[in-house]
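Breakdown of the fold
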Amino acid sequence: MIDQIETLKERLYPIHRSLTGEGVRETLKILSEIIKIEIHEVKSGTKAYDWTIPKEWNVKEAYVVGPNGERMFDVKDNNLHLLAYSIPFKGKVGLSTLKKHLYTLPDQPDLIPFVQSYYNKRWGFATSHDNLKQLMDGEYDININTELKDGLMSYGEYYLPGQIKDEVLFSTYTCHPSMGNDNLSGIIVTAMLAKIISQIPNRKYSYRFLFIPETIGSIYYISKNLKNMKKYIKAGFVITCVGDRGDFSFLESRDGNTLSDRVALHTLDKMNIPHKKYSFLARGSDERQYNSPGVDLPISSITRSKYHEYQEYHTSADNYDFIPSQCMKESIDVYKKCVDVLEFNEIYQSKILCEPQLGKRGLYPTLSKKGVKNLTSNMMNIIAYSDGKTDLLTIAEKCNIGVWELSDICKDLVEKEVLERL
């Protein structure tokens with residue numbers, strides 16, 4: 001898996017992605033080699049609640065030539081040099097005018113910031129503050145060859161049917177250019193997770209994966225699918241910032257106690273993974289839309305270093321080297337364990353009044369050895385709480401054990417007709 005993650009990283013990192021455009025389409029095309037993504041196209045100007053699908057934006061070239069003939073701020077050197085959604089501009093300006101269109105980070109003077117102007121027309125470049133201070137007086141030749149046109153917004157969707165129509169949603173965003181943790185890592189982890197889940201035999205839940213531009217993508221998708229989403233989605237996660245070396249983080253849903261919240265915290269706790277917990281007040285990605293009043297979907301998020309919470313965020317330091325493939329593999333493992341919890345979580349009903357006699361059913365161990373006592377205790381605790389109302393996740397929490405460690409016991413108890421699965 002590590003090799004495939006690394007290959008995806010090498011192919012996807014250089015692509016200039018934004019809300020719309022060829023970079024998004026190229027990204028979705030590459031992901032389609034891993035999973036069978038259905039690509040949707042939405043026309044510019046399409047209404048989605050209070051929002052409108054923007055014009056399509058594509059970049060051909062963008063750079064500045066200084067007074068001494070030196071080419072600078074070239075988008076070919078770093079995608080972050082160009083203000084995202086910059087309008088076309090060609091002409092000569094003086095240094096004072098150029099500075100009005102240059103964006104830097106004085107507090108991080110050696111880094112290039114990620115700056116965007118999606119819904120207001122302007123042109124500009126980004127550079128390090130150190131570089132800004134070295135600019136000489138004189139005339140600067142600006143060449144921004146971009147295209148803003150009535151076109152299409154592209155997004156990808158991958159659906160895996162299960163035994164039931166109830167769904168688990170995984171949503172990630174495809175609109176950030178050449179930044180590692182935010183959010184190349186989310187794209188790769190989501191695609192690889194989808195491939196792994198597709199190989200699970202006899203899946204209980206159906207699974208839906210979205211590869212969308214942040215904010216406008218989720219708003220549009222909700223506007224077209226809200227009825228079915230509210231009917232079928234029982235849990236879900238926004239996958240972002242899952243590639244750096246930082247500790248894991250958990251961002252709860254607006255409700256704070258949905259199935260997604262319970263599954264995420266149970267997984268992190270029972271896998272003994274150090275993590276930080278954030279309330280919904282710290283939201284910042286598409287969970288804002290999925291949890292908004294009237295939408296009210298059970299969506300939370302597990303990240304590594306959460307957006308806004310690491311110093312490399314939205315800068316050129318969030319780069320290729322910032323997201324080791326092993327760290328993305330660890331994030332895939334955590335999300336896969338969340339899927340295991342969801343798949344194993346059932347409600348059971350005891351078929352026998354009072355405690356069953358385990359010995360005559362071959363369920364009581366006749367040999368004393370290490371681990372047998374815990375096995376018997378767990379078995380009796382499952383039976384004791386199998387009242388037709390309490391799910392296995394709740395029982396596992398009471399027993400302070402991972403759901404995945406109780407699943408096989410439940411299968412044995414069902415096979416021996418001690419329990420029935422509701």
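Look up a bit, the structure's there.
Residues numbered from 1 in each chain as written. Predicted model: local features only at pLDDT ≥ 70, side-chain atom pairs only at ≥ 80, totals over all residues. Heavy atoms only, no water.

1. A word on the overall build of the protein
Within the protein one finds 12 helices and 19 strands. Within the span of the protein, comprising 422 residues, buried residues form 57% of the whole. Taken as a whole, the protein presents about 18,900 Å² of accessible surface, with 46% of it coming from carbon and sulfur. Distance between charge centroids for the protein: 5 Å, based on 54 positive and 55 negative side chains. (Helix = DSSP H or I, 4+ residues; strand = E, 2+ residues; numbered from the N terminus. Buried < 20%, exposed > 50% of the residue type's maximum accessible area, 1.4 Å probe, protein only. Areas by Shrake-Rupley, 256 points an atom, 1.4 Å probe, with all protein chains shown as cover. Lys, Arg positive; Asp, Glu negative; His and termini not counted. Charge placed at Lys NZ, Arg CZ, Asp CG, Glu CD.)

2. Topic: the pairing of strand β17 (residues 347–350)
Side-chain alternation along β17 places Y348 and S350 on a buried face and I347 and Q349 on a face that remains uncovered. Here 2 bridges tie β17 to strand β18 (residues 387–391), and the two strands are oriented antiparallel to one another. Looking at the pairing, Q349 lines up with D387 of β18. Taken together, the 3 bridges between β17 and strand β19 (residues 419–421) define a ladder with antiparallel strand orientation. Its bridge partner being in β19, Q349 is matched across the sheet by E420. (Pairing = 2+ DSSP bridges.)

3. A closer look at the side chain of K204
Structurally, K204 can be placed in the loop between α5 (180–198) and β12 (206–212). In terms of polar contacts, K204 uses its side chain to reach the backbone carbonyl oxygen of L342, at 3.1 Å. For K204, the residues in contact, after removing those within four places along its chain, are G162, Q163, I164, L342, E343, N345 and E346. (Polar contact = N/O pair within 3.5 Å; in protein donor to acceptor, adjacent residues only side chain to side chain. Contact = heavy atoms within 4.5 Å.)

4. Side note on the nonpolar core
Grouped together as the largest cluster of nonpolar side chains are 72 residues, with contacts concentrated most on L12, F170, I197, Y207, F209, I302 and L413. Here the element with the most residues in this core is α5; it accounts for 9 residues. Not counting residues within four places of it along the chain, the set of residues in contact with I302 comprises V238, T240, V242, F248, S249, F250, A264, L268, V334, Y335 and C338. (Core = buried A, V, L, I, M, F, W, Y, C linked by side-chain atoms within 4.5 Å.)

5. What about the sheet that holds β19?
Reading across from one edge, β18-β17-β19 is the order of the 3 strands in this open sheet, with antiparallel pairing throughout. Every interior strand has two partners, whereas the edge strands, β18 and β19, have only one. Averaged over all neighbouring strand pairs, the angle between strand axes comes to 30 degrees, with direction disregarded. (Axes fitted to C-alpha atoms, helices over the stretch in contact; angles between N-to-C directions.)

6. Comments concerning the packing of helix α1 (residues 2–12) against helix α2 (residues 22–31)
Remark: α1 packs on α2, axes separated minimally by 11 Å, with the N-to-C direction vectors making an angle of 160 degrees. Considering the angle they form, α1 stands roughly antiparallel to α2. The chirality of how α1 crosses α2 is right-handed. From α1, L8, R11 and L12 reach across to α2, where they touch T27, I30 and L31. By residue class, the composition of the contact of α1 with α2 is 4 nonpolar, 1 polar and 1 charged. (Parallel < 35°, antiparallel > 145°, perpendicular 65-115°, else oblique. Left-handed = near helix turned anticlockwise from the far one by under 90°. Nonpolar A, V, L, I, M, F, W, Y, C, P; charged D, E, K, R; others polar.)

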